[in-house]
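Fold and contact review
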Amino acid sequence: MSVNLEQIEIICPFCKKGKCRAIKQEETIRPFKGPWGGKPAMRRTPERIEILSCCDKCGKTKEEIQKALRHGVNSKEKDKKMLERLKSQGIDFSNVETKF
Ligand SMILES: [Zn+2]
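Residues numbered from 1 in each chain as written. Predicted model: local features only at pLDDT ≥ 70, side-chain atom pairs only at ≥ 80, totals over all residues.

Some details on the nonpolar core
Within the largest apolar cluster, 6 residues are counted, these being Cys12, Cys20, Ile51, Cys55, Ile65 and Ala68. Once residues within four sequence positions are removed from consideration, alanine 68 is found in contact with Pro13, Phe14 and Val73. (Core = buried A, V, L, I, M, F, W, Y, C linked by C-beta atoms within 7 Å. Buried ≥ 20, exposed ≤ 12 C-beta atoms within 10 Å, placed from the backbone. Contact = placed C-beta atoms within 7 Å.)

Next comes the structure, spelled out in structure tokens:
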């Protein structure tokens with residue numbers, strides 16, 4: 001079983017200047033045979049990004065950067081509600097935060 005791992009550099013989501021090393025694991029879909037035998041099922045592993053170093057400019061830790069990538073830098077309830085309101089008006093900003 002081989003997994004595609006790729007060394008990448010991402011721009012820090014906090015200061016947008018620093019760079020952090022990260023490893024990207026590509027989405028994989030492979031057959032998976034359960035202990036019960038029979039037809040193999042397909043198991044999907046979603047794309048994953050693992051931060052390896054903290055930001056060299058603002059000093060945010062890899063944990064903070066990882067969290068920001070997953071949930072956005074501003075994960076406050078207020079922002080979420082505003083986004084939902086915009087969405088109900090036909091404007092979708094849900095992808096904006098996750099881009100870097
Ligand atoms: Zn930074």
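Some remarks on the environment of cysteine 20
Mapping cysteine 20 onto the fold places it in strand 2 (residues 19-25). Along the primary structure cysteine 20 and threonine 61 are separated by 41 residues, whereas in three dimensions their C-alpha atoms are 9.7 Å apart. (Helix = DSSP H or I, 4+ residues; strand = E, 2+ residues; numbered from the N terminus.)

Quick look at the sheet that holds strand 2
Strands sit in the order 1-2-5 across an open sheet of 3 strands; the sheet is antiparallel. Of all the strands in the sheet, the pair left with one neighbour each is strand 1 (5-11) and strand 5 (48-51). Each adjacent strand pair in this sheet contributes to an overall mean axis angle of 35°, direction not counted. Running over the sheet, helix 1 (residues 62-71) touches strand 2 and strand 5 and is turned about 155° from strand 5. (Pairing = 2+ DSSP bridges. Axes fitted to C-alpha atoms, helices over the stretch in contact; angles between N-to-C directions.)

Observations concerning the pairing of strand 4 (residues 41-45)
Burial of strand 4 is sparse: only 0 of the 5 residues sit out of reach of the surface. Two strands pair when backbone bridges link them, and strand 3 (residues 28-32) and strand 4 are joined in this way by 5 bridges, in the antiparallel orientation. Bridge assignment links arginine 30 to a residue of strand 4, and that residue is arginine 43.

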